[in-house]
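Below are the chains, spelled out letter by letter.
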Amino acid sequence: MKATTFVFAIIGLVFFNSCDKESTNNNLQTEMPVIDSLITNSTRITYGGDNPAILKCFATGGNLNYIWEVDLGDLFSLNNEGSEVQFTASPCCIGEKIITCNVSNDKGEVSKNITITITQ
Amino acid sequence: MTRILLFAFIGLCFNFQASAQCCSAGNPSSDGGALGITKNSLTVSTSFLHSYSDTYFDGSTRSDYNYKEVQLDFNLLSVNYSLTDKIKLTTELGYFLAKKEVFTLFNKEKKAFGFGDAIIGIQYHAYSNKKKLLNIAHIFKLTLPVGEFDQIVNNIELPIDLQPSSGSYKFNPSVLITKNFFGSKYALSSFLSAEFSQRINTEKTDHKYGNLYKASFKVAHRTNNNLNTSISLQFQHRKKALNRGDIMESTGGTSLMLQPGISYHLKNNYSVNTSMGIPVYKNVNGTQLTNKYTFEFGISKIFHLKILKPQIDPKML
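Notes on the structure in this doc start here.

Some remarks on the overall build of chain A
Part 1 of the argument: In terms of helices and strands, chain A carries one helix and eight strands.
Part 2 of the argument: Listing each helix as α and each strand as β along chain A from the N terminus yields α-β-β-β-β-β-β-β-β.
Part 3 of the argument: Evaluated residue by residue, chain A yields a buried proportion of 28% over its 120 residues.
Part 4 of the argument: Taking all contacts inside chain A whose residues are at least 6 apart in sequence as the whole, residues at least 24 apart take part in 63%.

Printed below as a string of C-alpha cells:
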C-alpha cells in the first residue's frame, strides 16, 4: 500500500510539474527578436578603468537572452537581464574594438555591432 | 646506473614557464623534456601550477598603473610512452581550475575554467655520448585547441586572453641537452624552444599570438639517493601579437625567471617535484601586467611495460 501511494505521488509530481511548464510556455508570447538600438555614452575611451564606456542594447521580442562579445577588452554586465554593460580595456587593447550585442529567444537570434576606440 | 640516470633526469620534468603577459592564452608552456627513460616505459604525470600577477611594468621599470590582477590555477596531465630507447611519444592535456581576473578599480572579477589545450609530441634522442655523458634530444610538439574558446559568464563571452583554450594550433620545436659528470653529483641541462602560433581567423576573431622563444639552463644536484635539488634560469622572449592585422604594441617582451626546485624519488617508481618561479628581470613592450611568482607541484609514476610474448611456440604448429 505504501509503495502504491509512493508511486502515485511521484506520478502526480511529474504530471503537475509538466502541466505547469506547458502553461508557462503558453503564456509567453515571443517574436523574432529585433534590436532597436545599440548605444554608448562614449565611442572613445582611454585605457584603464577610470572612464568606462556604458553600452545599452534595446531589443524587443520577449524572453530575450543577451550575450555580449569583444575579442579583447573587458565587458561587465550591469543589470540582471544583461542588456547593459560597461567596457574598459588595458593598454594591450589600444585601437578600435568591435563590440557585438547578440539577442536571442526561441524564435531566433539577431546581433548588432558598435565600435569603441581605446586610446592612450 | 640506469636508475641513477633516470633519477638525474626526472627532475627535468614539468618545468612550466608561466607568464601573465597580455593577450596570451591556453596552457602555460611546459618543457616536458626528460631523458633516460627505457623502451616500453610509460610515464604518467600530473602537475599543478599556481601563478599570480599583479605588477605592471613599463618597459623594464615598474609602473604605478593599476588595472587588474590575474590568478591562475592550472592542472596538466601528461602521458609519455617510450616507443624505443630513442623515441618517446608525449601527450599533455591542460585543465584550468581557475583563471581569474580581479579588477581592483571597480571591484569586479571574471573567472574562467575548463579544458585548455591538448598537446601531442615526439621526442627523438638524437645524440648520446656515453664517455662524455652528453645527451641531445629533439622534441616536436603540436598544440591542439581542444578546450573551450567561447566560454560565456554573466552574459559576456570572455575575451580571448581569458578563454581556457588558446583557440590556435601551435607548433613547438625544441632541443634538450643534458650533461652529467662521472663521479659528480651535479648534472647540467639546457632547454631551447620556440613556439609558432597559427593565426586565428574566424568570423569573430582575427588574432595571432606572438612567437615565443625560450631558453633555460639548469643545474641539478643529487643530494641523496632519493632527493634531487635544482636551480634553473629561464629566459623567455615573446614577439608582439597581431589583432585584425594591426600590431599590438603593448604585447610581448622579455623576462628572466629563477626557478629553484626539488624532486623526490619514492617507492614503486613514484616521484614528486615542486618548484617556485621568481622573475628576476622583465622588459615588456609598452605597459603590461607581469608575473609575480609561480608555484608548481607534480607527481609522476613510471610503468615498465612488458611485451607479451606468444604462449605457444610457432614451431610446434
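Next comes the rest of the description.
A look at the sheet that holds strand β11 (residues 200–201) of chain B
Strand pairing within a sheet occurs via backbone hydrogen bonds; the two strands may be parallel or antiparallel.
Residues and elements named next belong to chain B.
Part 1 of the argument: Pairing is antiparallel across the open sheet formed by four strands, whose spatial order is β11-β12-β15-β16. In this open sheet, the two strands that pair with only one neighbour each are β11 and β16 (246–247).
Part 2 of the argument: Pairing geometry for strand β15 (residues 242–243) and β16, over two bridges, is antiparallel. Residue pairing for β16: asparagine 243 is matched across the bridge by aspartate 246.

Concerning the interface of chain B and chain A
Part 1 of the argument: Across the boundary between the two partners, chain B contributes 28 residues, which contact 21 residues of chain A.
Part 2 of the argument: Listed by contribution, the elements that provide at least two residues to the side of chain B that touches chain A are β8 (156–157) and β19 (287–304) of chain B.
Part 3 of the argument: Looking at the side of chain B that touches chain A, its residues break down into eleven nonpolar, ten polar and seven charged.

Points about the nonpolar core
Part 1 of the argument: With 38 residues, the main nonpolar core has A:Trp68, A:Phe87, A:Cys93 and A:Ile118 as its most contacted residues.
Part 2 of the argument: At the level of secondary structure, the elements contributing two or more residues to this core comprise β3 (48–60), β4 (65–69), β6 (84–89), β7 (95–105) and β8 (108–119) of chain A together with β3 (69–82) of chain B.
Part 3 of the argument: Residues in contact with A:Phe87, not counting those within four places in the same chain, are A:Pro52, A:Ala53, A:Leu55, A:Gly73, A:Asp74, A:Leu75, A:Ile99 and A:Ile116.

Considering the environment of B:Leu97
Residue and element names in this part refer to chain B.
Part 1 of the argument: You can see leucine 97 is positioned in strand β4 (residues 87–103).
Part 2 of the argument: With 14 C-beta atoms packed within 10 Å, leucine 97 lands in the partly exposed category.
Part 3 of the argument: For the pair leucine 97 and asparagine 80, spaced 17 residues apart in the sequence, the C-alpha separation amounts to 23 Å.
Part 4 of the argument: Among residues more than four places away in sequence, those in contact with leucine 97 are Asp73, Phe74, Asn75 and Phe113.

Quick look at the environment of A:Trp68
Part 1 of the argument: Examined against the element boundaries, A:Trp68 turns out to sit in strand β4.
Part 2 of the argument: A sequence separation of 17 residues divides A:Trp68 from A:Val85, and the C-alpha atoms of the two residues are 8.3 Å apart.

Topic: the sheet that holds β3(A)
All names here are of chain A.
Part 1 of the argument: Strand order in the open sheet formed by four strands is β1-β3-β6-β5, with antiparallel pairing between adjacent strands. The strands lining the two open edges of the sheet, one partner per strand, are β1 (34–40) and β5 (74–77). With direction set aside, neighbouring strand axes in the sheet form an average angle of 25 degrees.

So, the pairing of β5(A)
Residues and elements named next belong to chain A.
Part 1 of the argument: Sheet topology places β5 next to β6; four bridges connect them, and they run antiparallel. Along β6, the bridge assignment pairs serine 77 with valine 85.
Part 2 of the argument: Once β5 ends, the chain turns through six residues before running back antiparallel as β6, passing glycine 82 with a positive phi of about 90 degrees.

Details of the environment of A:Glu96
Part 1 of the argument: Tracing the backbone through its elements, the reader meets A:Glu96 in strand β7.
Part 2 of the argument: A residue is classified by how many C-beta atoms lie within 10 Å of it, and A:Glu96, with 14 of them, is partly exposed.

With respect to unusual backbone geometry
Residue and element names in this part refer to chain B.
Part 1 of the argument: One non-glycine residue with positive phi stands out, namely asparagine 155, at about 70 degrees.
Part 2 of the argument: Within the element layout of this structure, asparagine 155 appears in the loop between β7 (152–153) and β8.
Part 3 of the argument: Despite not being glycine, arginine 244 has its phi angle at roughly 50 degrees, a positive value.
Part 4 of the argument: Note that arginine 244 resides in the loop between β15 and β16.

Criteria and thresholds
- Residues numbered from 1 in each chain as written.
- Chains lettered and ligands numbered in written order.
- Predicted model: local features only at pLDDT ≥ 70, side-chain atom pairs only at ≥ 80, totals over all residues.
- Helix = DSSP H or I, 4+ residues; strand = E, 2+ residues; numbered from the N terminus.
- Buried ≥ 20, exposed ≤ 12 C-beta atoms within 10 Å, placed from the backbone.
- Contact = placed C-beta atoms within 7 Å.
- Pairing = 2+ DSSP bridges.
- Nonpolar A, V, L, I, M, F, W, Y, C, P; charged D, E, K, R; others polar.
- Core = buried A, V, L, I, M, F, W, Y, C linked by C-beta atoms within 7 Å.
- Axes fitted to C-alpha atoms, helices over the stretch in contact; angles between N-to-C directions.

Purely spatial values, then, with no claim about function.
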